[in-house]
Amino acid sequence: MTRPTTDPGTEPARIALASRGLTKTYHSTDPPTRVIDDVDLSVASGEFLVVMGTSGSGKSTLLYTISGMDRPTEGSVLLEGRDLTSLDDREMSRVRLTRMGFVFQQAHFLANLNIGDNILLPALQAAPKDKKGAIARVDALLERFGIAHVRRHGVTQVSGGQLQRASICRALVCEPSLLFADEPTGALNSRMTEEVMDALTDVHRSGTTLVMVTHDPGCAARADRVVYLRDGALVDSREMGTWSPERASEREDDLITWLRGLGF
Amino acid sequence: METKGSLYLRYAYNDLTGNKGVHLALLVVLTLSAFLMATGAMVMERTLGSVDELFEQARPPHFLQMHVGDIDDDALERFADRHPEIEAWHVVEAVGFDGAALSWERSPTGGSGDLSDSLIDQLFTTQNEEFDLLLDETGAAPRPAPGETYLPVAHRTAFDLRVGDELRIATDSGSLELRVAGFVRDAQMASSLSSATRFVVSEADFETLEGAGGGTPESIVEYRLNDAGAAADLQRAYEADDALPKNGQAVTYQMIRLVNAFGDGLVAVALVFVGLLLIVIALLNVRFVIRGTLEDEVREIGAMKAIGLPDRAISGLYLTKYGVLTALACVLGGLAALVATGLLTRSVQVDYADAPLGLASFVVPVAALALVYAFVLLLCRAVLRRVRRIEVVGALVHGSVLGERRAARRDRRRARRARGTVLASTGGLGVNGRLALLDLRAEAGQWVLLPLVFFLATVLMTLPANLLGTFESPRFVTYMGAAESDVRADLLFSEDVDEVRDELLRNMREDERLTDVRAFSTLLYETRGEEGWETLRVEVGEHDPDAIAYAYGGSPGPGEIALSVLNADEYGLSIGDGLAVRRGGEETTLTVSGVYQDVTSGGFTAKAHGEEATGAAGHVVYANTVPGTDAATIATEYDERFDTATVIPMREYVRQTLSQVTGALQSATLVSFVFAVGVAALITGLFLRLRLTRERTRMGVLSAIGFSTGEIIAQVRGKTLLAVVVGTVLGTVFAATAGEPMVGSLLSAAGLGLAHLEFLPNPWLVYVACPLALITTGHLIAVALTAPLRRVDKSTWLRG
């Protein structure tokens, strides 16, 4: 089997994010480890893309490299046509602040701020003058994800599901066009996983482009498209069509069959 | 089979080598503490040993009285007969020359110079027979042949003189040339605080010098007692006897000893002080590192507990590690101290004697090191008690050193605090500033290390600098019982002293370059002491109310007297009390108007209102110079014009009198400056290294949500700077306020005549340079340690 290095997905109308020849090598090991290997990937505006692969396949590294958290060793990342690798640290963090949102496996909230302040933090950083607007957005998000009552709670006083929904609120408070999620349900039980995935699906439906790394086929089944990574290279891709709760289990079965074929 | 001890040691070794940076920094701090403690202890032991050894060999007098003029030998005989405690006595005859009258020449190199820089009396004398011996390097009392002389050892280094040099003494009847045959150590006059130094010549040359003119003949009546403790009583008895010669200074054994130990003893005290502060810093540091290590290794500890290792065994693993580290530090510090002590006591050995190594030479430094070891290990043991509190589940599942209940309590506390902190509330700090402050508050228990260390480092740095500034300040003369002035003229005793004084005063008052010419005479009054009448030296003249700082009260007017602190203590007098005095058979009662501080003449002086009198024991004239004139030039001019007057700029007088003390303080200040900066840098580095590891996740989150690396770095630097500035400012304030009475009471306890020390620091050094040096150090370390963060992949902060 030849290894397609190009994303075989159909060419969407507008590309939100794209990588070209993306390579990441860690030189701290002997010999150096090539974790991402010449990846070309395009994410359409408004698309829900899931990256899957076995442990150590480079999924998270790919996510952090295309989001500008880490610098690639070679290649480029284009956000709506603008090369992110040419930006300096200040410009790149401005892009992350205003255009991107992040959700991690652990909520990673600052322990000395309450839930509301944790969500407010990026908004204030983006527009320090517009406190009123920022607070209004925080309130609206808390309402939307059903956690308004924990606004003044400490981060250790809420459930994992509530914390992860708060984490989504934080990611959305600057109204980004792109949301990255790294195993957002990895530390949750099945009920909380559903809660969080419903929230993310809701985010996607409202027009936000979503790139998510996951192990869980149930979660991946909600995507528009799933790409599969092996040893740092993209090996296959599957169009899933639009998700609906009625077809959930059928899509999951279909995905599992495809994944088995890839040795997952 | 493996023994438990060797397992512990192997664990300690692996752990120490595995975490090199942190352990190296810890080792350096511990080594410095051990080094300073051991050096301080050894310098003290060696200095006292050297002084003791010299005293042992040279047998200085227990009481001596200087005198210029005729001596009634019969009266001295009678006095000695009445006092059986006198073991031996003699009258030393000496001829004093001004430093300017002495010059030297070296053949064949042709090097030459003179001793005019030395302001003290250069006394020529012969070797004594029984006691007060002047000793050469071997400890023998040399007797120079005619044409030879032995010089004071201090001159060898001060003027670079060598054996074989030709010393020329300018007398009224031509010059006398003597070959330098060697150098002698003088138990009585080794210190810079003494007003004279002695040269040994042969009987024949002494007679030549005595008869040649140009020098001042002087007699020193010296007593050696069966019991050194009886010196004060003998002095009182001596001074009460009118027939005995006593128009010069009187000195007791205790004063000689104190003066000798003062300079180098001060360095030793400073070293021990620095060492103690460093130990406190090292302990804080060890505590911080151990607590951090327990947090980092909580899962391992949990696992050890889970497999059934007792708490004692787990603490034992850590205790062995810190024990090894501290022992290593003590060995390294001790070895370095051996070298440092050799260097620091070299001058003591030259000026005094090479002290033999005794039991104390080994016990003292070892005890100092043992103290360091014990302190550190006790602290480790106390901190390691936390191991007992760690719960297996909490450790393994949550990675928490806190048990379930404690963790819950902490969470509730945090939540309560977070409820109140609302980012949205107004404030001019900006998001970054506010986050940094919130973090400082939340992690205050950790961050407090930095202000504490900088507080201590500032105290360490500024106290010696404050003291040095005080001793170097021109205003220090006010501690010497004299008014602050530019020029000081001392009239030596001569037959025509009153005429010379009048002539000098007339000249000075007519001189347009001089203002505020004030003359004082030292009169010997008598006052009632414990055992009848005793001598009281009183400086008589017009005392300007603002000229010196009075500890209590003010300057004496007519019918009044002001006493030095030690005299006021001696007679148990305070302001308003009456003091009965008599002079020339006439008795009056003077009212005490004030008490002032004085370190001269052993601290026992007094001041009274009156005219410049004839028949005084001494005369001194102070004058100020008008702006634009040079005090040194004017002083030299007068000094040359008046043979029997020593006229010198005040600054020079203070500098030379205190040269040994200020020299010692300069070294102490330099040592403490270097150590304070070094330790501050080391600990800031160590702290930030550990702190940055702890803050990785926080930095990762901030980076992900859009804070630039520059902002994240600025937060760390800002927190560090704030902590450093707070510590430094508090330290400076402490040193300037509480430090003054602290040092003052220490000096007061030393009986130097200083009751209320007021720091006269060099403000630029103490309030600008020292704090700035520390703050800059802290900031530069923060910059150096945070700069590499820019190159790191930010995801590693989140992914561990």
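About the thresholds
- Numbers given to residues run from 1 along each chain, matching the order in which its sequence is written.
- To label them, take the chains in the order written and letter them from A, then take the ligands in the order written and number them from 1.
- Local features in this predicted model are restricted to residues of pLDDT 70 or higher, and side-chain atom pairs are both shown and tallied only at a pLDDT of 80 or more, whereas totals for entire chains, interfaces and linings draw on every residue.
- Only hydrogens and water are removed before side-chain values are computed, so all heavy atoms of the structure are retained for them.
- Helix and strand labels come from DSSP, where a helix needs a run of H or I of at least four residues and a strand needs a run of E of at least two; each type is numbered from the N terminus.
- Classification of residues uses two cut-offs on accessible area relative to the type maximum, computed with a 1.4 Å probe and protein chains only: under 20% is buried, over 50% is exposed, and between them is partly exposed.
- Note that accessible areas follow from Shrake-Rupley with a 1.4 Å probe, and for residues the cover is restricted to the protein chains shown.
- Here the globule rule reads 2.2 Å times residues to the power 0.38, and the radius of gyration is calculated from C-alpha atoms.
- Positive charge is attributed to Lys and Arg, negative charge to Asp and Glu, and no charge count is given to His or to the chain ends.
- Lys charges are placed at NZ, Arg charges at CZ, Asp charges at CG and Glu charges at CD.
- Following DSSP output, two strands are said to pair if at least two bridges run between them.
- As used throughout, domain bounds are those supplied by an automatic or database domain assignment.
- What makes two residues a contact is simply this: any of their non-hydrogen atoms within 4.5 Å.
- For helices, the fitted axis covers only the stretch in contact; all axes are lines through C-alpha atoms, and the angles between them, taken along N-to-C directions, range from 0 to 180 degrees.
- Put simply, a patch holds well-exposed residues, over 30% relative accessible area, that have no salt bridge, with like charges counted together within 9 Å and Val, Leu, Ile, Met, Phe, Trp or Tyr side chains within 5 Å.
- Put simply, a salt bridge is a Lys or Arg side-chain nitrogen that is within 4 Å of an Asp or Glu carboxyl oxygen.
- The buried area of a pairing is the accessible area, by a 1.4 Å probe, that goes missing from both parts when the two are put together, added over both.
- Confidence scores per residue from the predictor, reported as pLDDT, run from 0 to 100.
- Two rings from Phe, Tyr or Trp (for Trp, the six-membered ring) form a pair when their centres are within 6.5 Å of each other. A pair whose planes differ by under 30 degrees is stacked, one over 60 is edge-to-face, and the rest are tilted.
- Expected helix span is given by 1.5 Å per residue-to-residue step, counting one fewer step than there are residues.
- Directions are taken from the helix axis to each C-beta atom, and the arc is the one they span.

Caption draft 1: Representation of the overall build of chain B in the model. Helix and strand counts for chain B stand at 27 helices and 22 strands. A burial count over chain B gives 54% of its 800 residues as buried. Surface summary for chain B: the accessible area is close to 33,900 Å², and the carbon and sulfur share equals 56%.

Caption draft 2: Spotlight on the overall build of chain A. Scanning chain A from N- to C-terminus turns up eight helices and ten strands. For a compact globule of 264 residues, the expected C-alpha radius of gyration is about 18 Å, and chain A comes in at 18 Å, within 12% of that figure. Split into buried and exposed, the 264 residues of chain A put 57% on the buried side. Total accessible area on chain A stands at roughly 10,800 Å², and carbon and sulfur atoms take up 48% of it. In chain A, which carries 30 positive and 35 negative side-chain charges, the distance between the mean positions of the two groups comes to 6 Å.

Caption draft 3: View of the pairing of strand S18 (residues 578-583) of chain B. Residues and elements named next belong to chain B. Relative to S18, strand S14 (residues 514-529) runs antiparallel, the two being bridged by two bridges. When the bridges of S18 are listed, Glu526 appears paired with Arg582. With six bridges joining them, S18 and strand S19 (residues 586-596) adopt antiparallel strand pairing. Within the sheet, the bridge partner assigned to Gly578 lies in S19 and is Thr591. Between S18 and the antiparallel strand that follows it, S19, lie two residues; Gly584 among them carries a positive phi value of about 60°.

Caption draft 4: Looking closely at the domain arrangement of chain B. The domain architecture assigned to chain B consists of domain 1 (1-60 + 254-390), domain 2 (86-225), domain 3 (434-475 + 658-800) and domain 4 (493-643). Just the C-alpha atoms count here: the centres of domain 3 of chain B and domain 4 of chain B sit 47 Å apart.

Caption draft 5: View of the sheet that holds strand S2 (residues 33-44) of chain A. Residue and element names in this part refer to chain A. Reading across from one edge, S2-S1-S4-S5 is the order of the four strands in this open sheet, with antiparallel pairing throughout. The sheet is open, and its two borders are formed by S2 and strand S5 (82-83), each paired with just one other strand. Inspection of the sheet shows strand S1 (residues 15-26) paired to S2 by eight bridges, in the antiparallel sense. Following the sheet pairing, Leu17 is matched in S2 by Val43. Strands in contact with helix H1 (residues 59-66) are S1, S2 and strand S4 (74-79); relative to S1, the strand with the most contacts, it is inclined by about 120°.

Caption draft 6: Local environment of a negative patch on the surface. Residues and elements named next belong to chain B. Taken together, the side chains of Asp72, Asp73, Asp74, Glu77, Asp81, Glu93, Glu203, Glu207 and Glu210 define an acidic patch exposed on the protein surface. Those elements that place two or more of their residues in the negative patch are helix H3 (73-82) and helix H5 (203-212). Among the elements that take part in the negative patch, H3 stands out by supplying four residues, more than any other. Mapped onto the fold, Asp73 is located in helix H3.

Caption draft 7: Just the environment of Phe707 of chain B, in detail. Take Phe707 of chain B: it is sitting in the loop between helix H23 (696-704) and helix H24 (709-737). Put simply, Phe707 of chain B and Asn432 of chain B are 275 residues apart on the chain and 8.9 Å apart in space, counted from C-alpha to C-alpha. With sequence-adjacent residues up to four places away left out, Phe707 of chain B is seen in contact with Ser93, Arg96, Leu121 and Gln125 of chain A together with Val431, Asn432, Leu435, Leu702, Ile712 and Gln715 of chain B.

Caption draft 8: Representation of a nonpolar patch on the surface in the model. Residues Val331, Leu335, Leu338, Val339 and Leu343 of chain B make up a contiguous nonpolar surface patch of about 500 Å² in total accessible area. With respect to the secondary-structure elements, Leu343 of chain B resides in helix H9 (residues 311-344).

Caption draft 9: Quick peek at the interface of chain B and chain A. Each partner contributes residues to the interface: chain B has 37 residues there, and chain A has 35 residues. Summing both sides of the interface, chain B and chain A together bury roughly 3,100 Å²; the carbon and sulfur share of this comes to 57%. Together, Arg419, Leu423 and Ile705 of chain B form the three largest contributors to the area buried by chain B at its contact with chain A, with a combined 18%. One can count one salt bridge joining chain B with chain A. As a salt-bridge pair, Asp793 of chain B and Lys24 of chain A come within 2.6 Å of each other at their nearest N and O atoms.

Caption draft 10: View of the side chain of Ser703 of chain B. Structurally, the position occupied by Ser703 of chain B is in helix H23. Ser703 of chain B gets classed as buried once you look at its relative accessible area, which sits at 0%. Setting aside residues no more than four positions away along its own chain, Ser703 of chain B makes contact with Met69 and Arg96 of chain A together with Ile712, Lys794 and Trp797 of chain B.

Caption draft 11: Quick peek at the environment of Tyr550 of chain B. Residues and elements named next belong to chain B. With respect to the helices and strands, the residue Tyr550 is situated in strand S16 (residues 550-553). The class for Tyr550 is buried, based on a relative accessible area of 15%. For Tyr550 and Gly594, which are 44 residues apart along the polypeptide, the C-alpha to C-alpha distance reads 6.4 Å. Apart from residues no more than four positions distant in its own chain, Tyr550 is found in contact with Pro545, Ser555, Pro556, Ala562, Gly594, Val595, Tyr596 and Lys607.

Caption draft 12: Region of interest: the confidence of the model for chain B. Residues and elements named next belong to chain B. For chain B, per-residue confidence averages 82 on the pLDDT scale, and 89% of positions sit at 70 or higher. Ranking the helices and strands of chain B by mean pLDDT puts H24 first, with 94, and helix H10 (residues 346-351) last, with 68. Both confidence scores are given for the complex: pTM 0.75, ipTM 0.89.

Caption draft 13: Representation of the packing of aromatic side chains. Residues and elements named next belong to chain B. Throughout the structure, instances matching the rule amount to 18 aromatic pairs over all chains. An angle of 65° between the planes, with centres 5.4 Å apart, marks the rings of Phe63 and Tyr238 as edge-to-face. Placement of the pair is Phe63 in strand S1 (residues 63-67) and Tyr238 in helix H6 (residues 231-240), with a sequence separation of 175 residues. Note on Trp447 and Phe687: the rings are 4.9 Å apart at their centroids and 70° apart in plane angle, and the pair reads as edge-to-face. In this pair, Trp447 sits in helix H16 (residues 444-447) while Phe687 sits in helix H22 (residues 659-694), placing the two residues 240 residues apart along the sequence. By relative accessible area, Trp447 is classed as buried at 2%. Since its relative accessible area comes to 0%, Phe687 is described here as buried. Clustering of aromatic rings is evident, with ring pairs tying together Phe63, Phe79, Trp89, Tyr223 and Tyr238.

Caption draft 14: Helix H17 (residues 449-472) of chain B, seen in detail. Helix length check: H17 of chain B (24 residues) gives 35 Å between terminal C-alpha atoms against 34 Å at 1.5 Å per residue, within 8%. H17 of chain B sits mainly inside the fold: 21 of its 24 residues count as buried.

Caption draft 15: Just the pairing of strand S13 (residues 487-491) of chain B, in detail. Residue and element names in this part refer to chain B. Counting buried positions over the five residues of S13 gives four, a clear majority of the element. One ladder, built from five bridges, connects S13 with strand S21 (residues 618-625); its direction is antiparallel. Bridge pairing links Asp490 to Val620 in S21.

Caption draft 16: Here's a closer look at helix H4 (residues 131-144) of chain A. Residues and elements named next belong to chain A. With 14 residues, H4 should reach 20 Å at 1.5 Å per residue; the first-to-last C-alpha distance of 20 Å fits that figure. Ala134, Val138, Leu141 and Leu142 are the residues of H4 that are buried. Taken around the axis of H4, the buried residues stretch over an arc of 100°, which confines them to a single face. Counted as exposed and oriented over 90 degrees from the buried face of H4: Lys132 and Glu143. Packing partners of the buried residues in H4 comprise helix H3 (115-126) and helix H5 (160-172). Gly146 sits one or two residues past H4 and shows a positive phi near 70°.

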